[in-house]
Amino acid sequence: MDGSASFSDLVITNAGNNRLIASAPGLASTNRVITIAPDVANITMTFVQEPPATIGAGSVFTNTVQIVDEFNNGITNTAVTLAPNGFTFSGGTLTRSTAANGVATFNNLSVNATGSNYFITAASGSLTATSTTFNVTVGAIAHYLVTATTPQTRGVGFGVTVTAQDAVNNTVPDSSTVVTMSSSSVNVQFDSNTNSIFGETGDNKQVLSNGTFTISTEDNIAETMTVTATDGTGKTGTSPSIAVNAASGDFRSATNGNWNAILTWQTWNGSNWVAASTTPAGGAGTNITIQSIHTVTDNVAVSLTGTLIAQVTASFSTGGSITVGSGGLVQNSGGINSTAATLIFQSGSTYQHSFTTVPGTIPTAAWNAGSTCQVVGYTSNATLPAGLQIFANFTWNCPNQSSSISFGGTLTNIAGNFTVTSTGSGDLRLGNSGAGDMKVGGNFSQSSGTFRLTGGANRNLTVLGNFSQTGGTNDLTVSGSGTLNVAGNFSQTGGTFTESNTFIPVANVVFNGTGVQTFTSGGAVSGQINFTVNGGATLMMS
């Protein structure tokens, strides 16, 4: 006997470095490290983390695949490649190497195409494994695709198609979301109820049908514009630029000159601008554009029921005047040198102040009852327009406005209706520290935007007709005392009626009519607002 012991039937199944220790009573133990390799002749591969049963299109998901021997020892540093079945991966690294535990992790996989019963095959050498099946569904609405053909013709309706899409541009088959349409141009109107009357209340809203709709759209001015779709959650989309051409018979200036000189003008023949054979009479359905490089002097009496677009200077000489009749429009983004005797707005006529980055000047004119002055173009301009007068009706509609604009207390009297349609991301104030109250002889209406009565000085807004708010924010005071006097009915069915003066809130609504006045609520009211019914007035809650 040589004192040795033999162990011939030992089995070690754990791959890696294993320590074998020998010991006997009364003797010091001894050990040896033994490295055991996996049994690569008997290995298998399986999916450990399967694909989710349902995956949103474009969503990132993770799969893991493991290679082990018969004793469950991981096979390390072995390449595994994934292959799609029934679809194509839109993202992800499809070849990974196994870690020490034999697991290959694919943690950035994504699929854009919707479908069902998809599965994944993993391969490593001669080994293969198949995942469970899964479905890819459309994601939530992420944006809108807005399309239209170009060019179009002004005054002629055309279709704008809106499609709801998820993050990877799949159509979302939604049939309940309300989408609101707008445009980079205030001249664009919509006809969602398809009655061929554009611009009616609610005509810019339409409900998706299986993820899409086409809305009839019209632009009455030759220009280049875009159309935007937005839903109540802020998801949006804007079309590429849409060119809108003139209509046959429209005029534009060809050179500097007098209105009654044929050489001053060109006409659109349906495809090109050509030399005019007559001077523009100003009739309904005709647009007349004074281009930004020309000055035209009106030396004849013009009755305008069409549209005059002044991109630069329109002036008057002896015998010249423009009387804008019902349906007539003057759009000014340049300069009109007029007086109340040379520019007359009759009932049903409109002036549009279409400046964007500079304030511009509203021309001096006669504003007869039923005429309307609209401020429509401001973007980055932060200064009130020059030339404020006593207007018949006054409308503020600047959907791309980004600044706070104050009238500085200088707009004090509107004979008819005062309407706030949009202030974009900015706001409109009657004044800040500059004193000056306002009297509105007709109704005050607000459908959107932010209107602030005062930002400093104590100020009164007196409305002799009705007060109506269906949207937006109406802030009686940022600083100072703001008082709204209403002689007619008060209706606030939408938006927020508030005061934001956090120091000494003094906000008042006074019902000062002489008969029964109706109060209708439904919108949000916040802050500390005092409501007072004067003697002689009767307030009926609706």
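In the block above lies the structure referred to throughout.
The following paragraphs examine the structure supplied in this document. Remember, predicted model here, so these are calculated numbers, not experimental data. (Residues numbered from 1 in each chain as written. Predicted model: local features only at pLDDT ≥ 70, side-chain atom pairs only at ≥ 80, totals over all residues. Heavy atoms only, no water.)

**Re the overall build of the protein**
- In terms of helices and strands, the protein carries zero helices and 57 strands.
- In terms of overall dimensions, the protein is more spread out than a globule: its C-alpha atoms have a radius of gyration of 37 Å, far above the 24 Å expected for 542 residues.
- Projected onto its principal axes, the C-alpha positions of the protein cover 140 × 65 × 40 Å.
- Taking all 542 residues of the protein together, the buried fraction comes to 44%.
- A separation threshold of at least 6 residues defines the contact pool for the protein, and within that pool the share at least 24 residues apart is 48%.
- Here the protein displays about 24100 Å² of accessible surface, and carbon together with sulfur accounts for 50% of that area.
- Counting 11 positive and 21 negative side-chain charges, the protein places the averaged centre of each group 11 Å from the other. (Helix = DSSP H or I, 4+ residues; strand = E, 2+ residues; numbered from the N terminus. Rg over C-alpha atoms; globule rule 2.2 N^0.38 Å. Buried < 20%, exposed > 50% of the residue type's maximum accessible area, 1.4 Å probe, protein only. Contact = heavy atoms within 4.5 Å. Areas by Shrake-Rupley, 256 points an atom, 1.4 Å probe, with all protein chains shown as cover. Lys, Arg positive; Asp, Glu negative; His and termini not counted. Charge placed at Lys NZ, Arg CZ, Asp CG, Glu CD.)

**Some thoughts on the packing of aromatic side chains**
- Counted according to the given criterion, the structure contains 29 aromatic pairs.
- Relative to Phe89, the ring of Phe87 lies with its centre 5.0 Å away and its plane at 80 degrees, an arrangement referred to as edge-to-face. (Phe/Tyr/Trp six-rings, centres within 6.5 Å; stacked < 30°, edge-to-face > 60°.)

**Quick notes on the sheet that holds strand E56 (residues 530-533)**
- Across the sheet, six strands lie side by side as E41-E44-E47-E50-E53-E56; this open sheet has parallel pairing. This sheet does not close on itself; its edge strands, each paired only once, are strand E41 (413-414) and E56.
- Bridge analysis of strand E53 (residues 506-511) against E56 gives four bridges, and the strand direction is parallel. Following the sheet pairing, Val510 is matched in E56 by Thr532. (Pairing = 2+ DSSP bridges.)

**A word on empty space enclosed by the protein**
- Under the counting rule described, the total for this entry stands at one cavity of 30 Å³ or more.
- When its volume is computed, the largest cavity comes out at roughly 30 Å³.
- Looking at the lining of the largest cavity residue by residue, the class counts come to six nonpolar, one polar and no charged. (1 Å grid on protein atoms, 1.4 Å probe; cavity = no way out; pocket = protein on both sides within 12 Å on 5 of 7 lines; lining within 4 Å. Points joined across faces, edges and corners; volume = space filled by probe spheres on them. Nonpolar A, V, L, I, M, F, W, Y, C, P; charged D, E, K, R; others polar.)

**Quick notes on the pairing of strand E38 (residues 372-375)**
- Covered by surrounding structure in E38 are Thr372 and Gln374 together with Cys373 and Val375, the residues of both alternating faces.
- As paired strands, strand E36 (residues 350-353) and E38 are joined by four bridges and run parallel to one another. Residue Tyr351 lies in a different strand from E38, and its bridge partner there is Cys373.
- Direction of pairing for E38 relative to strand E39 (residues 393-397): parallel, over a ladder of four bridges. Residue pairing in the sheet places Cys373 in a bridge with Phe394 of E39.

**Here we look at the layout of surface pockets**
- Empty space within the largest pocket amounts to approximately 1500 Å³.
- If you go around the largest pocket, you meet 45 residues; those closest to its centre are Val186, Gln189, Gly199, Asn397 and Thr421.
- Contributing elements (two or more residues each) for the lining of the largest pocket: strand E15 (178-183), strand E16 (188-191), E36, E39 and strand E42 (418-422).
- No other element matches E15, which puts four residues into the lining of the largest pocket.
- When its residues are assigned to classes, the lining of the largest pocket shows eight nonpolar, 33 polar and four charged.

**Some remarks on the nonpolar core**
- Residues Ile322, Phe394, Trp396, Phe418, Leu461, Leu484 and Phe490 are the most contacted members of the largest nonpolar core, which totals 57 residues.
- Here this core takes three residues from E53, the largest share from any one element.
- What Trp396 contacts, discounting residues up to four positions off in sequence, is Val375, Tyr378, Gln401, Ile405, Phe407, Thr419, Val420, Thr421, Ser422, Thr423 and Leu428.
- Judged by nonpolar contacts, the second largest core, of 23 residues, contains Val65, Ile75, Phe106 and Val111. (Core = buried A, V, L, I, M, F, W, Y, C linked by side-chain atoms within 4.5 Å.)

**With respect to the sheet that holds strand E17 (residues 205-207)**
- Read from one edge to the other, the open sheet built from four strands follows the order E17-E15-E20-E21, with strand pairing classed as antiparallel. At either end of the open sheet lies a strand with only one pairing partner, and these are E17 and strand E21 (236-238). On average, each strand axis in the sheet is inclined to that of its neighbour by 25 degrees, with strand direction left out of account.
- Pairing of strand E20 (residues 227-231) with E21, which is carried by three bridges, proceeds in the antiparallel orientation. Following the sheet pairing, Ala229 is matched in E21 by Gly237. (Axes fitted to C-alpha atoms, helices over the stretch in contact; angles between N-to-C directions.)

**Looking at the pattern of salt bridges**
- All told, the structure shown has four salt bridges when counted by the stated rule.
- Residue Arg452 is joined to Asp427 by a salt bridge in which the shortest nitrogen-to-oxygen separation is 3.0 Å. Highlighted residues: Arg452 in strand E46 (residues 450-452) and Asp427 in strand E43 (residues 427-429), separated in sequence by 25 residues. We note that Arg452, like Asp427, is buried.
- Here Asp475 makes a salt bridge to Arg452, at a shortest N to O gap of 3.0 Å. Linking Asp475 in strand E49 (residues 473-475) with Arg452 in strand E46, this pair joins segments that are 23 residues apart in sequence. Like Arg452, Asp475 is buried.
- Residues joined by salt bridges that share partners form a network here, namely Asp427, Arg429, Arg452 and Asp475. (Salt bridge = Lys/Arg side-chain N within 4 Å of Asp/Glu carboxyl O.)

**Looking at the environment of Thr278**
- Looking at where Thr278 falls in the secondary structure, it is placed in the loop between strand E26 (273-275) and strand E27 (287-290).
- Its relative accessible area of 44% is what places Thr278 among the partly exposed residues.
- As a C-alpha pair, Thr278 and Gly480 span 202 residues in sequence and 58 Å in three-dimensional space.
- Beyond its immediate sequence surroundings of up to four residues, Thr278 is in contact with Phe251 and Ile262.

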